[in-house]
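Residue strings, one per chain:
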There are 2 protein chains.
Amino acid sequence: MNLPAVLSLLLVVSTVQAFQYTELAQFIDSHQEEYVETLRDWVAIESDSSNVMRRKDLHRMMELVAQKLRLMGGTVELVDIGEQELPDGQTLLLPKVVTAQFGTDVNKHTVCVYGHVDVQPAKLEDGWATDPYNLTDINGHLYGRGASDNKAPVLAWIHAVGAYQALNMELPVNVKFVIEDCGWLSRRPALTYGTRGNCYFFAEVEGPKQDLHSGVYGGTVIEPMTDLIGILDTLISPSGKILIPGIREAVAPLSDEEWKMYQDIQFDVEDYKNKIGVSQLMYSNKVDLLAHRWRYPTVTIHGIEGAFSDPGTKTVIPSKVTAKFSIRQVPDMDPAMVEKQVTDYLHSVFAKRKSPNKLKVTMVIGAKPWLADTQHPLYEAGKIAIKRVFDMDADLIREGGTIPIARTFQDVLGKSLIMMPIGGFDDGMHSQNEKMSRHNYIEGTKLFISYLDEVSQIQKTSV
Amino acid sequence: MNLPAVLSLLLVVSTVQAFQYTELAQFIDSHQEEYVETLRDWVAIESDSSNVMRRKDLHRMMELVAQKLRLMGGTVELVDIGEQELPDGQTLLLPKVVTAQFGTDVNKHTVCVYGHVDVQPAKLEDGWATDPYNLTDINGHLYGRGASDNKAPVLAWIHAVGAYQALNMELPVNVKFVIEDCGWLSRRPALTYGTRGNCYFFAEVEGPKQDLHSGVYGGTVIEPMTDLIGILDTLISPSGKILIPGIREAVAPLSDEEWKMYQDIQFDVEDYKNKIGVSQLMYSNKVDLLAHRWRYPTVTIHGIEGAFSDPGTKTVIPSKVTAKFSIRQVPDMDPAMVEKQVTDYLHSVFAKRKSPNKLKVTMVIGAKPWLADTQHPLYEAGKIAIKRVFDMDADLIREGGTIPIARTFQDVLGKSLIMMPIGGFDDGMHSQNEKMSRHNYIEGTKLFISYLDEVSQIQKTSV
């Protein structure tokens, strides 16, 4: 459901035309309030794709996107991509994919922008300071679930195209929609050239046929929760070492060039620590930290479904508990191999417990990592666009998170791809109090305008 | 919040009067539908005391009980017992306690009935076949949260008094309200002479100041969830051995008399296994099973608050996670000692991890076990009443669960106490699809009527 930034080029000679950046940038500045209002409407829709109960909102969200693009004169399609099968065997209609095309001039490059408008789960009681679905402006920061990930970046691309249209300027390239997904590493604008993949697992331990009273049955039943805690505790050591045999061995070694590149990146360890709010990180130096964010795998245990998770006390023996954990993928790990390694390992540690309960391990997401060539003309175009709008050099960064479609697009289409984030480094994607600053939203729109022009100037021979 | 069965006697000579059991039993049979409707009204109120958001429903529930007892002519008080302090420092009004008195004749014994009308949490999506707050009759079983634990038993006591009133018969004893809490062990009616206590713990591990995206931060942060899983895994072995130093050593050894008593109890291990739906229990023979339900401590991990517990996938590093687990108390354990043993132990295993995260261990409930003399006149009265209504001998059983006020009453008032359950052995208290059978509800009402009469015949000298 994550539809991220991908840019593919038709290999045609571009039509070079005069680029009126100042007029476009002024137009954008003067329409800031309107842009914020549109973002408010989009954030108000709880398009949480991980919750099947919210599927109707997701359909409504996709319809809203399609409508906006239709009103701008795009050739819009809502593509049916079929059904999804739920763990209980039921099927559910997947949200349609919106495609839109602006311009079909074969003499121009075509920029294809991908992004997503679904969001992560969010509830006020998770610890949000504001209603996550009511966009709230606090000192120029626009708080709301999906603001940064990924509704504002999607809108920024739409506004970029809209600005050309409103000023009756010809688009320098053909643009195909939809979207984009990542953030800057620091206050310096960034271009992203790699992401980690992700293998997301469910480990379900099932015992009694229903939940039991812990006073009445405790002591006679082999409790699924105890079994589950026992096997989860074998995944990773306190010092961050992955204990599943074979995982670490597959990882490409850190090269001297990489080490040097990480060393040169603007990244303040103390800032990072303060921002997260911890007194100590897993590693104390910059290169180790960046390397473990971007190019080493890690295991995170996200939570347990089926156990008692509400406030208060409940004396229950949960009958079926499902742990959710994921392993970030990096070159040269292979998700199919990881699935087997994890499944075999957990079954072997579970067998040692001699429990009558049943263990089921399922890999529900298996997304490969992605890595691009930072010398590619697309990246050169991005660097120039950033220099123009922000008057700064871009950081070349990787992303610890996963944007599965990036790798898929590169593999399937054979086209080149760039990620051009506009989210801030402190936007809180996937966590409470997610926000997008007005600055990044508006300047980001200008960056996209500028980038479209830069791409139009790339020569056919060089891509 | 658990207000269970307690019966205290004023030590006066009883007024013996003719007991018209048949008329009373017929009256009860002919009012079955009305009794079920009242239970339906009570079950409809989500009086979940563990959820502070439901406090209003709990107040409403207590008001409904008071009103019912007032309409019957009881002297009713709603006693304010003050406020409760929440973990965040806020205070919240505790639900009032309802007291009611029927009769003040100093020549009669006084039976004091205690019970509770608050319930355990329940949601349809926990796996209920029916709406937990809409009492549903399926083949004579009345499904609903709180049906068995403890609303129907409370109503049965009220109906017992009401039947005497409706037939213009004098109550053989004075009755003080409210109530009762436990179930039979088999299809044979039972008297309960002991309960385990319960020490309920919160173990909170706090790290980053807010939830983090596991892709973006995973690998650099020492995750609270990993720490929590690590320390939970040190509480109990796969074979059920409690690993916290000092706990097992405090437990009174199993006597030969106990062994013999357990051996004689009607309890079918295969039935028990089938009812729970497991292929193997922690122990395979009857005495071990009963002993580990009733007279040995155990550890149950109930769940984790603050982690991702919904269906679907979420790539979050939870910033603060709180495990809920409890240890059942038996003679001669001491909750204050257990609190220290658990706290010290968890801090010591946590220290070995060298984590920068903060661990906080809190004992939020510390309830002692309770044990009565089965030869006491109250138990003799109970045995006779059971024989009359069910034409069977009572099982003398203990209860693995906890009824904290039982012990408190015995200690504070110095009065004798009996527990006379009417819930069925398969009622599913605290779990999904809780129910009370019509049979137990109606025959239980008759049992209480019969018991009140038996108590009136106990001589002053014998109690």
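Here the structure is a predicted model, which means the values were calculated and not measured. (Residues numbered from 1 in each chain as written. Chains lettered and ligands numbered in written order. Predicted model: local features only at pLDDT ≥ 70, side-chain atom pairs only at ≥ 80, totals over all residues. Heavy atoms only, no water.)

Looking now at the overall build of chain A. If you tally the helices and strands in chain A, you get 13 helices and 18 strands. Here the C-alpha radius of gyration of chain A, 24 Å, is about what a compact globule of 463 residues would show, namely 23 Å. Taken over the C-alpha atoms alone, chain A extends approximately 80 × 50 × 40 Å along its principal axes. Burial statistics for chain A: of 463 residues in total, 61% are counted as buried. Pairs at least 24 apart in sequence give 79% of the contacts found in chain A among residues at least 6 apart. Across chain A, the 46 positively charged side chains and the 59 negatively charged ones have centroids separated by 4 Å. (Helix = DSSP H or I, 4+ residues; strand = E, 2+ residues; numbered from the N terminus. Rg over C-alpha atoms; globule rule 2.2 N^0.38 Å. Buried < 20%, exposed > 50% of the residue type's maximum accessible area, 1.4 Å probe, protein only. Contact = heavy atoms within 4.5 Å. Lys, Arg positive; Asp, Glu negative; His and termini not counted. Charge placed at Lys NZ, Arg CZ, Asp CG, Glu CD.)

Before going further, it helps to spend a moment on the interface of chain B and chain A. When the parts come together, some accessible area is lost, and that loss is often what is quoted as the size of the interface. In this complex, chain B contributes 87 residues to the contact, which on the side of chain A involves 86 residues. Here chain B packs against chain A, burying approximately 7,400 Å² in sum over the two surfaces, 52% of which is carbon and sulfur. Contact with chain A buries surface across chain B, with B:Thr220, B:Thr313 and B:Lys314 losing the most and accounting together for 8% of the total. At the junction of chain B and chain A, the tally comes to two salt bridges. A:Lys123 is the salt-bridge partner of B:Asp310, the closest N and O atoms lying 3.4 Å from each other. The tally of links from chain B across to chain A stands at 43 residue pairs in polar contact (both at pLDDT 80 or more). The element that contributes the greatest number of residues to the side of chain B that touches chain A is strand β12 (residues 299–305) of chain B, accounting for seven residues. When its residues are assigned to classes, the side of chain B that touches chain A shows 35 nonpolar, 35 polar and 17 charged. (Buried area = accessible area lost by both parts, 1.4 Å probe. Salt bridge = Lys/Arg side-chain N within 4 Å of Asp/Glu carboxyl O. Polar contact = N/O pair within 3.5 Å; in protein donor to acceptor, adjacent residues only side chain to side chain. Nonpolar A, V, L, I, M, F, W, Y, C, P; charged D, E, K, R; others polar.)

Moving on: the UniProt feature "domain: Peptidase M20 dimerisation" (unreviewed entry) in chain A. Here the UniProt feature "domain: Peptidase M20 dimerisation" (unreviewed entry) sits at residues 194–350 of chain A. The distance from the first to the last C-alpha atom of residues 194–350 of chain A is 36 Å, and the span holds 35% helix and 21% strand. (UniProt positions renumbered as here; feature names shortened; annotations may be inferred.)

General note: in soluble globular proteins, nonpolar side chains tend to be found buried as a group. Ranked by internal contacts, the top residues of the largest apolar core, which has 101 residues, are B:Leu69, B:Phe177, B:Tyr441, B:Leu447 and B:Tyr451. Sorting elements by how many residues they give to this core places helix α4 (residues 147–166) of chain B first, with 11 residues. Ranked by size, the runner-up nonpolar core spans 98 residues in total, among them A:Leu39, A:Val65, A:Val161 and B:Leu212. (Core = buried A, V, L, I, M, F, W, Y, C linked by side-chain atoms within 4.5 Å.)

As a further point, take the relation of the copies chain B and chain A. There are two copies of the chain, and a rotation about an axis plus a shift along that axis relates them. Relative to chain A, chain B is turned by 180° and slid 0.0 Å along the rotation axis, the superposed coordinates differing by an RMSD of 0.1 Å. Those values place the two copies in the arrangement expected of a two-fold rotation axis. Among all residues of chain B, the one whose C-alpha sits closest to the rotation axis is B:Ile229, at a distance of 3.0 Å. Interface overlap between copies: 99% of the residues of chain B at the interface are likewise at the interface in chain A, consistent with a symmetric, same-surface contact. (Least-squares fit on C-alpha atoms with pLDDT ≥ 70 in both.)

A word on the confidence of the model for chain A. When pLDDT is averaged along chain A, the result is 87, and 92% of the positions lie at 70 or above. Long-range and interchain partners of residues 1–16 of chain A, a stretch whose pLDDT sits below 50, account for 77 contacts in this model, where long-range means more than four residues apart. (pLDDT = per-residue confidence, 0-100.)

Two modes of strand pairing occur in sheets, parallel and antiparallel, and in both the strands are linked by backbone hydrogen bonds. Residues and elements named next belong to chain B. Pairing within the open sheet is antiparallel, and its four strands lie in the order β12-β14-β10-β15. Each having just a single partner strand, β12 and β15 (358–367) make up the two edges of the open sheet. Here the average twist between neighbouring strands, direction ignored, is 20°. Relative to strand β14 (residues 320–329), β12 runs antiparallel, the two sharing six bridges. Its bridge partner being in β14, Gly303 is matched across the sheet by Lys324. (Pairing = 2+ DSSP bridges. Axes fitted to C-alpha atoms, helices over the stretch in contact; angles between N-to-C directions.)

Moving on to the packing of aromatic side chains. Residue and element names in this part refer to chain A. Evaluated as defined, the whole model comprises 15 aromatic pairs over all chains. Both rings, one in Trp157 and one in Phe448, keep their centres 3.8 Å apart while their planes meet at 5°; by these two values the pair is stacked. With Trp157 in helix α4 (residues 147–166) and Phe448 in helix α13 (residues 438–456), the pair connects residues that are 291 residues apart, well separated along the chain. With a relative accessible area of 4%, Trp157 lands in the buried category. When its relative accessible area of 0% is taken as the criterion, Phe448 is described as buried. (Phe/Tyr/Trp six-rings, centres within 6.5 Å; stacked < 30°, edge-to-face > 60°.)

So, on to the domain arrangement of chain A. All names here are of chain A. Taken domain by domain, chain A holds domain 1 (21–194 + 369–462) and domain 2 (197–252 + 295–367). Of the residues lining the interface, seven residues belong to domain 1; the matching set on domain 2 comes to eight residues. Buried surface at the junction of domain 1 and domain 2, both sides included, amounts to about 610 Å², of which 66% is carbon and sulfur. At the junction of domain 1 with domain 2, the criterion picks out zero salt bridges. Summed over the shared surface of domain 1 and domain 2, the number is zero residue pairs in polar contact (both at pLDDT 80 or more). Of the residues in the side of domain 1 that touches domain 2, the class split is three nonpolar, three polar and one charged. (Domains from an automatic or database assignment.)

Before going further, it helps to spend a moment on the packing of helix α1 (residues 21–30) of chain B against α4(B). Residue and element names in this part refer to chain B. Contact pair α1 / α4: the axes reach a minimum separation of 10 Å and the direction vectors enclose 115°. Classified by the interaxial angle, the pair formed by α1 and α4 is roughly perpendicular. In this structure, α1 crosses over α4, and the sense of that crossing is right-handed. Residue-level contacts link Leu24, Phe27 and Ile28 of α1 to Ala163, Tyr164 and Ala166 of α4. When the residues that make up the contact of α1 with α4 are grouped by side-chain class, the tally is six nonpolar, no polar and no charged. (Parallel < 35°, antiparallel > 145°, perpendicular 65-115°, else oblique. Left-handed = near helix turned anticlockwise from the far one by under 90°.)

Moving on, we get to the pattern of salt bridges. Applying the stated rule across the entire model yields 46 salt bridges over all chains. One salt bridge in this structure joins B:Glu380 and B:Lys383, with 3.3 Å as the shortest N-O distance. Here B:Lys383 and B:Glu380 lie together in helix α11 (residues 377–390), a separation of three residues that amounts to about one turn. Note that B:Arg388 and B:Glu454 form a salt bridge whose closest N and O atoms lie 3.6 Å from each other. Of the two residues, B:Arg388 sits in helix α11 while B:Glu454 sits in helix α13 (residues 438–456), which places them 66 residues apart along the sequence. Assessed through its relative accessible area of 38%, B:Arg388 is described here as partly exposed. Connected via shared salt-bridge partners are A:Glu46, A:Arg54, A:Asp57 and A:Arg60.

Below, the discussion takes up the pairing of strand β9 (residues 190–195) of chain B. Residue and element names in this part refer to chain B. Of all the six residues making up β9, six are buried; the element is thus mostly covered by neighbouring parts of the structure. Pairing geometry for β9 and strand β16 (residues 370–371), over two bridges, is antiparallel. What sits directly across from Gly194, in β16, is Leu371.

Note that the residue after A:Pro331, namely A:Asp332, is joined by a cis bond; omega there is 5°. If you trace the backbone, A:Asp332 turns up in the loop between β14 (320–329) and α10 (335–352). For the peptide bond that leads from B:Asp149 to B:Asn150, omega is 25°, which places it in the cis range. Within the fold, B:Asn150 resides in helix α4. Positive phi outside glycine occurs at A:Lys354, with the angle close to 55°. Take A:Lys354: it is sitting in the loop between α10 and β15 (358–367).

All names here are of chain B. Pairing in this open sheet of three strands is antiparallel, and the strands run β6-β7-β18 from one edge to the other. For this open sheet the edge positions go to β6 (136–138) and β18 (435–437), each flanked by a neighbour on one side alone. Each strand axis lies, on average, 25° off the axis of its neighbour in the sheet, ignoring direction. Bridge count between strand β7 (residues 141–143) and β18: three bridges; the pairing is antiparallel. If you follow Tyr143 over to β18, its bridge partner there is Lys435. Strands β7 and β18 of the sheet are contacted by α4, whose axis makes an angle of about 45° with β18.

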